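Notes for the structure review
Residues per chain, in single letters:
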Amino acid sequence: MATAIRTGKNVEVAELTTTTSVTTVTPDGRISTDTAAGPIRVQPKGADGKADEWVPVDTTLVRDTDGIRPKAVVGERLFSAGGTDAREAQVMASLRGEDGQGLDFTWPEALPSPTLSGDTATYADVLPDTDLVLTATRSGFSQKFVVRSKPKNAAELSQLTEVTIPVEAVGAVVKEGRGGQLELRDEDGELLAQAGAPLMWDAKVDARSGQPAKVKELDVQVQQIDPLISSSDPSSTSNVTLTGAAKLLTDPATVYPVTIDPSPALAALGDTFVQNNISSTPQGGSAELKVGTYNGGAQVNRSLLKFDVAPIKNKPVTSATLSVWNKYSASCAARSVDLHEVADFDANTVVWGNQPAGRGIKATASGAFGYSSACPARAIAFNVTALAKAYATNTASVLAVALTAPETDPLAWKIFNSGNATSNVPVMTVSYDECSLYNGYRVCGIIRDKYQAMGGPVSYLGNPTTDELGTPDGVGRYNHFSGGSIYWTSGTGAHPIRGVIRDKWASMGWEKSFLGYPTSDENNLSGGNSNHFQGGSIFYSNATGAHFVKGMIRDRWSQLGWQASSLGYPTTDEVATPAGTGAYNHFQGGSIYYSARSGARAVQGKIRDAWSALEREAGSMGYPLSDEYTSGSLRRSDFEGGYITFDPATGIANPVTSDDVEFGIVSTTLSVNSGLTEESIIMNYGGDQEKITKLAAGSTINDASEMNYPLDGTSFTDDSSDPYNSEFVLLNGSTPDTNPDDPEPAEQTVINFKAAPRDPSYKVWASWRDVNGRTIYLRQGYYDAARDRGFGLTKITQKHNLTTAAVRAGTRTVKPRYVSGEKWEYAVPVYDVRCGRGLGVFRRCYVKSQVTLLTSVDFRRVDPTQTRDNSTMGVITSHCPPVQGRCPDYVKNAINKVQ
């Protein structure tokens, strides 16, 4: 402060100076701080590594041994020196902050030595007749391509409309922002820096604004090549691709050179001033705009301006500023200027007497510039953000405003440049992101483009009902509309979905279902509609509703001609078959069934009806092996277990099966509803025994790995002419009983009767030991069919269709369940297994049906004098619940083979 007083000059306070602010002490002892949005001072380091004095930022470029750099900037900035020795891709520009984070931009080919001019380096002809221009700025650098002439051919046009620049980010990663701008983010996703969305314009200037007449947006895509992992792996590599507007480059009206780079402004459509003492002469051609009075109210002026707001229509405005150049003020004493919203006007006809109606003051700015060198001319800026937001969402295409100043204060008099001035014309600059507003909701980016291409609100989608939102999985984006939705991912693009198909997709879980995201727009079909998805398709018709098809079934239906084939539209979703071995969709004209063994095949008409009567895939025929085809005069479909023909002349469908062989299988260890263990069932082929390890009630076996034997049949049969010569037997360490219905004298003699029974029905017919070693007795018994009374083997044989072998097998290898007293029950599941070679190499075994062989035994001592059925000791009965009466033949036939 003492220095300032002594010298009479402002003195900078170094201790309080930063890169973005300067604090000074004035001779009168006041302290002033000027704060800027970007760097204005830099403190370079000397040769000893210590900080030198603060100096102003100087972006003038100079050459040194490393390349080309600005004289004094914050951090490090280095441009390529180019030259003929550079023969490969090289770093075009390098930027580092004080913390070491930054970017390296690589040009894919050798760069020429640049021409330097102040802060700008120009690299000639890096693309066809195109210069690369790099400019050092206070906070970084800007990059422009200047195309000097129209491309001569398609190859040159292609090079200019798609330029890819590899970028390596140190301690950060480059991403594409929602508005098309480039963003630099750290490993935590925090924004470090960003660049505006690139633009492209020609040399023609709009006389009203002094700005380029034709401005086109460029598309920016960022492809991650080597992503940022962590601070321990600080580099990431990306390809930044700029896609240009080819139409601008080829338009005959384009004025070259064409420049590729940033930021749009809105220029005035027309402006004028009105004056109370000029009643009939419009001032629309004036180069000046006047407000207030310089003579106490004798002459009063008001200025009128209007702007084309079509470019911001439906844009979500973030900020807006109206700048008018104050070329003269009555003094350097600040006075306020009010900005009013007014009705539209014609600058060529409006005068004081027909001024547009006012709609209120919307902004006020204060200042006084242009009076003298103490307050030189400069712009006065009005914050019109709220006004711009209102016009972005209403129907008006023109925003008209009036500027007024106090009309009795001569010090409020000001003159501004109009749109007819040679420079510094009024400009309203509006900032917004890459979205549009419809009905108050944001629709952005590619979804917006799709929506607009469809017709926007006048399309079947109508107005949006949500902002653009991210999907829960973080992969996609979507908007819901009154008439549907649009979903987008980078891999699938943006596609609309609506109506019943959308409802179906929603009921399945939207994109979280196996269908994933839509990959097509709605397809309008004859009688219906469809959308395709990543994991399948949904088809709709009025007659069938909406159903999904996927996988192999969808592929087969597609090969047959989709809904235009004889199958028509699907009438069901894909459904798993009851045994879980396959899946199917029913259609209007038939079905498509799929299994891993048979593939996906269509079955239709009378052939399908006949197959359905045979229990479809669960029956003897199994899955279809072919679509329906012509065989002579017949139609035919092949199946695993045979084929079915249809005679159009008679209308009869005839199933033809392979030679099925019936086998009963007895499981001695498991309950009815379980499968069979490895040791339960043995297949006997000519002495070579192989296990069936996967066989359960209602299941089928179609896979050689499940059957665990080769399919050619050469090693399983004693008689090669009979490929079905096989049998299922129980593995209990026993041998076949050659005469199971005869009594066994050795077992009969075990019991010493006190008195011979007077009735032979009480005679012990056979005895054996159960799995626990307890002796079981079977009496001959009797059976009175009329009274349904009896006991013993006679009743078991005549009523229940069983044999001694069945009773014995039903107790010798399973543990009994205790009932009460001395009563115990033995329960054994018995399966009717059908096997046949089928067609081709298939050998099909399936469980046709099953019952339980239930044997009841009373272990009280045998009393030969007992005659009542319910008092009969030993085996009380052996039957097959829930079957009433006779057990199926397959039970007796199977057990007759088992000791």
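On a predicted model such as this, the values are computed, not experimentally measured, just so you know. (Residues numbered from 1 in each chain as written. Predicted model: local features only at pLDDT ≥ 70, side-chain atom pairs only at ≥ 80, totals over all residues. Heavy atoms only, no water.)

**What to know about the overall build of the protein chain**
Counting its secondary structure elements, the protein chain contains 13 helices and 64 strands. By sequence separation, contacts in the protein chain at least 24 residues apart represent 55% of the contacts at least 6 residues apart. By element, 49% of the accessible surface of the protein chain is carried by carbon and sulfur atoms, the whole surface being about 41400 Å². (Helix = DSSP H or I, 4+ residues; strand = E, 2+ residues; numbered from the N terminus. Contact = heavy atoms within 4.5 Å. Areas by Shrake-Rupley, 256 points an atom, 1.4 Å probe, with all protein chains shown as cover.)

**Describing the packing of aromatic side chains**
All told, the structure shown has 20 aromatic pairs when counted by the stated rule. With centroids separated by 5.4 Å and ring planes inclined at 20°, the aromatic side chains of F539 and W562 adopt a geometry described as stacked. A residue pair is termed long-range when its members are at least 10 positions apart, and F539 in strand β42 (residues 536-541) and W562 in the loop between α7 (551-560) and β44 (575-576) qualify at 23 residues. Ring pairing ties together the aromatic residues Y478, Y487, W505, W510, Y517 and F533, which thus form one cluster. Positioned above the aromatic ring of Y643, the side-chain terminus of R636 is 3.8 Å from the ring centre. (Phe/Tyr/Trp six-rings, centres within 6.5 Å; stacked < 30°, edge-to-face > 60°. Lys NZ or Arg CZ within 6 Å of the ring centre and 35° of its normal.)

**A word on the sheet that holds strand β49 (residues 634-639)**
Spatially, β48-β49-β50-β51 is the arrangement adopted by the four strands of the open sheet, whose pairing is antiparallel. Only two strands of the sheet have a single partner each, and these edge strands are β48 (629-631) and β51 (652-657). With strand direction ignored, the average angle separating the axes of adjacent strands in the sheet is 35°. With five bridges connecting them, β49 and strand β50 (residues 642-647) associate as antiparallel partners. Paired with D638 across the two strands is Y643, which belongs to β50. (Pairing = 2+ DSSP bridges. Axes fitted to C-alpha atoms, helices over the stretch in contact; angles between N-to-C directions.)

**Focus: the state of the cysteines**
Within the structure shown, the criterion is met by two disulfides. Residue pairing for C332: its cysteine sulfur links by disulfide to C375, the two sulfurs lying 2.0 Å apart. Taking the torsion about the S-S bond as the criterion, the C332 to C375 disulfide, at about -80°, is left-handed. In this pair, C332 is assigned in the loop between β27 (317-329) and β28 (335-342) and C375 in the loop between β29 (358-367) and β30 (378-383), connecting sequence segments 43 residues apart. Linked covalently through their sulfurs, C880 and C887 form a disulfide whose S-S length is 2.1 Å. Looking along the S-S bond of the C880-C887 disulfide, the torsion reads about 105°, which is the right-handed sense. The pair C880 / C887 is uniform in exposure class, with both members buried. (Disulfide = S-S within 2.5 Å. Buried < 20%, exposed > 50% of the residue type's maximum accessible area, 1.4 Å probe, protein only.)

**Things to note about the environment of A653**
Turning to its location among the elements, A653 is positioned in strand β51. Relative accessible area serves as the criterion here: at 22%, A653 is assigned to the partly exposed category. When the C-alpha atoms of A653 and R635 are compared, they prove to be 9.0 Å apart, with 18 residues separating the residues in sequence. The residues touching A653, leaving out its near neighbours within four places in the chain, are K606, I607, A610, I644, T645 and F646.

**Things to note about helix α5 (residues 445-454)**
Listed as buried for α5 are G445, I447, R448 and Y451. Buried residues in α5, looked at end-on, bunch into an arc of 150°, giving them a common side. In the core, the buried residues of α5 are packed alongside β34 (435-438), β35 (441-444), β37 (477-481), β38 (484-489) and β39 (493-497). Looking one or two places after α5, you find G455, whose phi comes out positive at around 115°. (Arc of directions from axis to C-beta.)

**Side note on the sheet that holds β44**
The strand order across the open sheet formed by four strands is β44-β45-β46-β47, and the pairing between neighbours is antiparallel. Among the strands making up the open sheet, the edge pair consists of β44 and β47 (599-603). Docked against the sheet, α7 engages β45 (582-587), β46 (590-595) and β47, running at close to 135° with respect to β46.

**Side note on helix α6 (residues 499-507)**
Along α6, the positions that sit buried rather than exposed are I501, R502, K504 and W505. Along α6, the residues classed as buried sweep out an arc of 160° about the axis, all on the same side. Backbone geometry just after α6 places G509 at a positive phi near 115°.

**Points about the nonpolar core**
The tendency in soluble globular proteins is for nonpolar side chains to be buried side by side. Residues F79, W107, Y123 and F145 are the most contacted members of the largest nonpolar core, which totals 38 residues. The next biggest cluster of nonpolar side chains, apart from the first, holds 30 residues, and it includes V384, A388, L403 and V430. (Core = buried A, V, L, I, M, F, W, Y, C linked by side-chain atoms within 4.5 Å.)

**Describing the pattern of salt bridges**
Note that side chains of opposite charge can pair when their charged atoms are close. All chains considered together, the criterion is met by 24 salt bridges. For R69, the salt bridge is made with D66, and the minimal N-O distance between the two is 3.4 Å. What makes R69 partly exposed here is its relative accessible area of 22%. With its nearest N and O atoms 2.6 Å apart, the salt bridge here joins K450 to D521. Taken together, the residues K450 in helix α5 and D521 in the loop between α6 and β40 (523-525) connect sequence positions 71 residues apart. Here D521 falls in the partly exposed class, since its relative accessible area comes to 26%. (Salt bridge = Lys/Arg side-chain N within 4 Å of Asp/Glu carboxyl O.)

**Here's the deal with the side chain of S537**
Its location among the elements puts S537 in strand β42. Looking at S537, its side chain comes within polar contact range of the side chain of R554, at 2.6 Å. Beyond its immediate sequence surroundings of up to four residues, S537 is in contact with L515, N531, H532, H547, F548, V549, R554 and W562. (Polar contact = N/O pair within 3.5 Å; in protein donor to acceptor, adjacent residues only side chain to side chain.)

**Re the pairing of β51**
In the sheet, β50 pairs with β51 via six bridges, with the strands oriented antiparallel. Looking across to β51, one finds that I644 is bridged to P655. Hairpin remark: β50 followed by β51, antiparallel, with four residues in the connecting loop; positive phi at G651, about 75°.

**Some remarks on the pairing of strand β43 (residues 545-549)**
Two faces belong to every sheet, and in a regular strand the side chains alternate between them. For β43, a buried count of four out of five residues is recorded, marking the element as mostly surrounded by other parts of the structure. Pairing analysis gives five bridges linking β42 to β43, with the strands arranged antiparallel. Bridge pairing links S537 to V549 in β43.

**What to know about the environment of V384**
In this fold, V384 is placed in the loop between β30 and α4 (385-393). When its relative accessible area of 4% is taken as the criterion, V384 is described as buried. Residues V384 and L339, 45 residues apart in the sequence, show an inter-C-alpha distance of 8.9 Å. When neighbours within four sequence positions are excluded, V384 is seen to be in contact with A320, T321, L322, L339, A363 and M428.

**Describing unusual backbone geometry**
Each neighbour pair has its own omega, and for Y256 with P257 the value is 10°, a cis peptide bond. Here P257 shows up in the loop between α3 (246-250) and β23 (258-261).

**Quick notes on the confidence of the model for the protein chain**
Averaged over every residue, the pLDDT of the protein chain is 76; residues scoring 70 or more account for 72%. In the predicted structure, residues 207-211 sits below a pLDDT of 50 and forms 13 contacts with residues beyond four places in sequence or in another chain. (pLDDT = per-residue confidence, 0-100.)

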